[in-house]
Structure formats: C-alpha cells, structure tokens
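Each chain is listed here by its residues.
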Amino acid sequence: MAQESPKNSAAEIPVTSNGEVEDSHEHGFSRDLKRSLPAGLGLSETQITSHGFDSTKEGVIEAGPFQGSPAPPMSSVISPSNAAASRLAEQGRDLIGPTGGQRIPQKSGPVILADETKNPAMEKLELVRKWSLNTYKCTRQIISEKLGRGSRTVDLELEAQIDILRENKRKYENILKLAQTLSSQLFQMIQTQRQLGDAFADLSLKSLELHEEFGYNADTQKLLAKNGETLLGAINFFIASVNTLVSKTIEDTLMTVKQYESVRIEYDAYRTDLEELNLGPRDANTLPKIEQSQHLFQAHKEKYDKIRNDVSIKLKFLEENKVKVLHNQLVLFHNAITAYFAGNQKQLEQTLRQFHIKLKTPGVDAPSWLEEQ
C-alpha cells in the first residue's frame, strides 16, 4: 500500500518539460551552498546525493573529487530538508570568524594570572628620593665641617701621604714646564747653528783669503748642531717619561683619592646621623629609625674601610714606580747634558744607546718595509 508522502513547498524544485532541473534555481541553490560551506571547498569538488521525496533520510553532501561515469548525468531531484540546511548554516558560522574571512581557533586550557609588575615610575621616584636624602646629608656634613661645628674622620698617616703626593705633583709639573722650555730654546739654537754653519761654508768657498777660517767655523757649527740634535732627543725622552708619570700614573692615584674623600664624607654623614639618634629618646617610634640608621652606618663603614685600603696600596705602588722611573730619567738627563757641554760626542751617543733612544734624522722619511727586508 503506497502512501504519498507530503511535499514541502521549500523543498520543491521545479523541472522543465524535459525532466531537467531549471537552471535558475540550480544556480541559486549552488550559491547558497558556497556561502555556507568553508572557504577552499568548491562545488566542483562536491558530490551531492539525495533521496526521493518519500525517503525519511535527509540530504547528504559528500566532499571530494567526483568520480562518475563518462555517461551523461541522469536527471535527479534534490530535496534538502530544513534540518540539514540549518546544520550547514551553524557549521558555517562556527568556521567563519566575525569578519567573515578567517577562521578563529578556539583554545582552551588553564588561565595563568601573571604577577603584578612593579611600576617603573615608582622605582625611579624611589631612587630619586634616596639620592636626594643622601645628597642632603652629605651637604650638611660638608657645611658643618667648614663652619667648624661637625667632626670628621682623619687618618693622619694616610692624609700626610696624600698631601706629599699633591705637593710632589706640583713640583714635577714645574720641572716638566721648564724642561719643555729648554727643549724649545735648544731647538731654536740648533736651527740657528745650522744656518750659521751653512753661511760660513758658503763664505769659505767664495773668500779665498779666509777659506780656512770660514771652514773651521762652519765645521764647528755643524758639529754643535749635530750634538744639539742628540741632546734634544734625550731631553724630549725625559719630558715624555715625566709627563706620563705626572698626567697618568699620579693622576690615576689622585682620582682614587677623590673617591676616598667622597666616601669619607658619606661615612661621617651617616655616623653623625646615628649619633644624633642615639642621643635622643628611645621609644617605639625611634627604635626602628635607630636600627635602620645603624644598618646604613655599617654599610658605609665597610665601604670606607675598603677604599681606604685601596688608596694605601696605590700610594705604595706609586712610590715604588716613581723612584724607578725618575732614577733612570735623571741619570739620562745628567749624562746627556754633561757629554754635550764637554763636547764628548761619543759619550753623548753612548748615553742614547744606553736608554734605547733612536733619533729621527730631519728631512729623512722612515724606510719602507721593502727596505727593511
């Protein structure tokens, strides 16, 4: 007994007189499928199968390459149900993001709450506060010392060594200045002697009556100029060595001394602060302040002791280095001056060789690496 199944108006698809599906409705149904299907899945790769109107199964869409017979396709009636269409629409909404172009992956998992980070502005404000408090205490200590009201920590032995070092530095700088003046004047004298020797030599060739006299004087001035150049090289070497001692070695030690004095002021400032708190009343409000002040005082005391030891060690090594350098340079200066004014050219050249001093001949360039080979 055949029972005619009711037909839904939404599922009816009109056909032509030849039994084929009308093109306009087929194109409309394909367009609806394209909108509801995910991107990248074309209708050309989709095989649509359906059952008759009397079937209780819903329409099924199978994705994949269509493998059919080369025979002409048979006419079929497509009957998608309302439930299938709604399920396709829900899947499309799940796959397509809110912007309609990209798929939004849904991630699930435990949520980790990060710790609250510190505010950089508050950290900078705290650093400024500590710097301001330290500067205020140090300034108050300096003013108190200058007015004679505050006490300062004094290391008598170390302070005496520092004073001697500063006095020696001023004296060495004066010697350096005078040596530079001597070098400049000697250079001018050498140039004058060389020009005078050339003039005597020219007159020796042109004056037959005084040929020998002009010749003697020309040779003497040229010899003096040559010995002067040797002495000038020794003096310039002396100047360079003393300048290195004064401007680098001693200056480096004095920089450490300045750091020592700065740390000493900080130490005395926190020491005075602790002494003032100890003289005041002791109660629940002042005890935390005294404890904090004691902690800061101890930290600055350790810093002060460390840099005081560093200064003592540097002063000791500086004294040893200074004696060694100045001994060699003073021997060089004395031997060179004595040989020059004694007219002992051999001793003067031997002095330069003893201290490994090489003179550069005026007007002669250094040999190339090919000539040295």
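Procedures and definitions
- Residues numbered from 1 in each chain as written.
- Predicted model: local features only at pLDDT ≥ 70, side-chain atom pairs only at ≥ 80, totals over all residues.
- Heavy atoms only, no water.
- UniProt positions renumbered as here; feature names shortened; annotations may be inferred.
- Helix = DSSP H or I, 4+ residues; strand = E, 2+ residues; numbered from the N terminus.
- Phe/Tyr/Trp six-rings, centres within 6.5 Å; stacked < 30°, edge-to-face > 60°.
- Buried < 20%, exposed > 50% of the residue type's maximum accessible area, 1.4 Å probe, protein only.
- Salt bridge = Lys/Arg side-chain N within 4 Å of Asp/Glu carboxyl O.

J.: Can you tell me about the UniProt feature "coiled-coil region" (unreviewed entry) in the protein, naming the residues and giving the values?
T.: As annotated by UniProt and renumbered to match this structure, "coiled-coil region" (unreviewed entry) occupies residues 155-182. Between the C-alpha atoms that bound residues 155-182 the distance is 41 Å, and the span itself is 96% helix and 0% strand.

J.: Please provide a residue-by-residue account of the packing of aromatic side chains, values included.
T.: Throughout the structure, instances matching the rule amount to six aromatic pairs. Centroid distance tyrosine 260 to tyrosine 304: 5.8 Å. Interplanar angle 25°. Geometry classified as stacked. With tyrosine 260 in helix α5 (residues 211-279) and tyrosine 304 in helix α6 (residues 286-342), the pair connects residues that are 44 residues apart, well separated along the chain. Tyrosine 304 matches tyrosine 260 in its accessibility class, with the two residues each being buried. Between tyrosine 267 and tyrosine 304, the ring centres sit 4.9 Å apart and the planes meet at 5°, which makes this aromatic pair stacked. Taken together, the residues span a long stretch of sequence, with tyrosine 267 in helix α5 and tyrosine 304 in helix α6 at a distance of 37 residues. What links up through ring pairs into an aromatic cluster is the set Tyr260, Tyr267, Phe297 and Tyr304.

J.: Break down the pattern of salt bridges for me, with residues and values.
T.: The full count for this structure, using the stated rule, is 18 salt bridges. With a shortest N-O distance of 1.8 Å, arginine 194 and glutamate 229 are connected by a salt bridge. With a gap of 35 residues between them, arginine 194 in helix α4 (residues 156-206) and glutamate 229 in helix α5 connect regions that are remote in the sequence. A salt bridge links lysine 322 to glutamate 319, with the shortest nitrogen-to-oxygen separation between them at 3.1 Å. Placement of the pair is lysine 322 and glutamate 319 together in helix α6, with a separation of three residues, close to one helical turn.

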